Amino acid sequence: MINMIKMEFYKLRRQKIFYIILLFVGVIAVMSSISAMSLNINLNGKTQYVEMFQDVSMLFACAIFVAMYIGNDFNNRTIQHQVASGHSRKDIIIAKLLGFMMAAQMIMILYPVIGAITVTINRGWGVAVSYQEIKYIILTLIESIVLNIGTSSYFVLFAFICRDIPKTICLSAVFPIIFSIIKPFIAAIPIVGNFIDLMSISQIGNIGITTAKQLGIILLSSSVTLLLNLFVMKIVFYKAEMK
């Protein structure tokens, strides 16, 4: 498994599309921040930092990349050859998941960081930089990293369900939209609503609330989401015929 994980990280470093997406994310972050400043004269770096962490638009960038990263491996039969060569399907899932998680973290973190820097240069951070502010910045970043672990597992699951590029992009891209539409209707259902609220994608809007309770909820949310998606991934991939 270690060799497979190393191979995934090596592959990630060689993916030109990954660097193109990072460049695109950086440009969008700057443009979005400039636009936000023109619409809100009171906007500061701190506010932009939190709001961009809560922005789910970068999930669409992750949707494109997971299709190119994992969906393409099904298209060119790389995964099929790995299975035929004797690699366990569990090892393949874990290696792909870790490789994509690394990429997703960079995509999701780059966006708010560049956005906050852009606004801070023009408007300042908003409050005096102190130990408490540095602590807040770090805790908010940790919340995002933890949630990204759970959220990125959705996209890997979709890639293993679809096993090609177009379907993976479509399913991954519409998932956040469909989720936001149906959530209000099912959130009122006892137990089901609580479970939906615990999913990592539901907690993205709470990034920036750095209380001990919220940090615990985010950790639990990401863990539950990751374990659930891994369980479904295992079922789907183990039953799939690798022809």
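Predicted, not measured: the structure shown is a model, and the values here were computed from it.

(A) Representation of the overall build of the protein chain. A count of helices and strands for the protein chain gives eleven helices and zero strands. Ordered by position from N to C terminus, the α and β elements of the protein chain give α-α-α-α-α-α-α-α-α-α-α. Computed over its C-alpha atoms, the radius of gyration of the protein chain comes to 19 Å, within 12% of the 18 Å expected for a compact globule of 243 residues. Structurally, the protein chain occupies a C-alpha span of about 60 × 45 × 30 Å along its principal axes. Expressed as a percentage of the 243 residues in the protein chain, the buried residues total 46%. Here the protein chain has roughly 12,200 Å² of accessible surface; of this, 70% comes from carbon and sulfur atoms. Averaged over its 19 positive side-chain charges, the protein chain has a centre that lies 7 Å from the centre of its 10 negative ones.

(B) Fine view of the packing of helix α3 (residues 45–54) against helix α7 (residues 131–162). Where α3 contacts α7, the axes come no closer than 11 Å and their chain directions differ by 10°. Put simply, α3 runs roughly parallel to α7. Contact residues: Lys46, Tyr49, Val50 and Phe53 in α3; Glu133, Tyr136, Ile137, Thr140, Leu141 and Ser144 in α7. Its residues assigned to classes, the contact of α3 with α7 comprises six nonpolar, two polar and two charged.

(C) Representation of helix α1 (residues 2–14). The end-to-end C-alpha distance of α1, which contains 13 residues, comes to 19 Å, matching closely the 18 Å that a straight helix rising 1.5 Å per residue would cover. Among the residues of α1, those classed as buried are Met4, Ile5, Glu8, Lys11 and Leu12. Across the axial projection of α1, the buried residues extend over an arc of 120°, all falling on one side. Turned more than 90 degrees away from the buried face of α1 sit Ile2, Asn3, Lys6, Arg13 and Arg14, all of them exposed.

(D) A look at the nonpolar core. Counting 59 residues, the largest nonpolar core has Phe65, Ile70, Phe100, Ile107 and Phe160 as the members making the most contacts within it. For this core, the leading source of residues is helix α6 (residues 89–123), giving twelve residues.

(E) The arrangement of the packing of aromatic side chains in detail. Evaluation of the coordinates by the stated rule reveals 14 aromatic pairs. With a centroid separation of 4.9 Å and 85° between ring planes, the pair formed by Tyr49 and Phe53 is classed as edge-to-face. With Tyr49 and Phe53 both in helix α3 and four residues apart, this pair spans about one turn of that helix. Centre to centre, the rings of Tyr154 and Phe175 are 4.8 Å apart; their planes meet at 40°, and the pair counts as tilted. Within this pair, whereas Tyr154 is found in helix α7, its partner Phe175 is found in helix α8 (residues 165–186), the two being separated by 21 residues in sequence. Accessibility assignment for this pair places Tyr154 and Phe175 in one class, buried. In this structure an aromatic cluster arises from ring pairing among Phe18, Tyr19, Phe65, Tyr69, Phe100, Tyr154, Phe155, Phe158, Phe175 and Phe179. Against the face of Phe237 rests Arg89, its NZ or CZ located 5.3 Å from the ring centre.

Criteria and cut-off values
Residues numbered from 1 in each chain as written. Predicted model: local features only at pLDDT ≥ 70, side-chain atom pairs only at ≥ 80, totals over all residues. Heavy atoms only, no water. Helix = DSSP H or I, 4+ residues; strand = E, 2+ residues; numbered from the N terminus. Rg over C-alpha atoms; globule rule 2.2 N^0.38 Å. Buried < 20%, exposed > 50% of the residue type's maximum accessible area, 1.4 Å probe, protein only. Areas by Shrake-Rupley, 256 points an atom, 1.4 Å probe, with all protein chains shown as cover. Lys, Arg positive; Asp, Glu negative; His and termini not counted. Charge placed at Lys NZ, Arg CZ, Asp CG, Glu CD. Axes fitted to C-alpha atoms, helices over the stretch in contact; angles between N-to-C directions. Parallel < 35°, antiparallel > 145°, perpendicular 65-115°, else oblique. Contact = heavy atoms within 4.5 Å. Nonpolar A, V, L, I, M, F, W, Y, C, P; charged D, E, K, R; others polar. Expected span 1.5 Å × (residues − 1). Arc of directions from axis to C-beta. Core = buried A, V, L, I, M, F, W, Y, C linked by side-chain atoms within 4.5 Å. Phe/Tyr/Trp six-rings, centres within 6.5 Å; stacked < 30°, edge-to-face > 60°. Lys NZ or Arg CZ within 6 Å of the ring centre and 35° of its normal.

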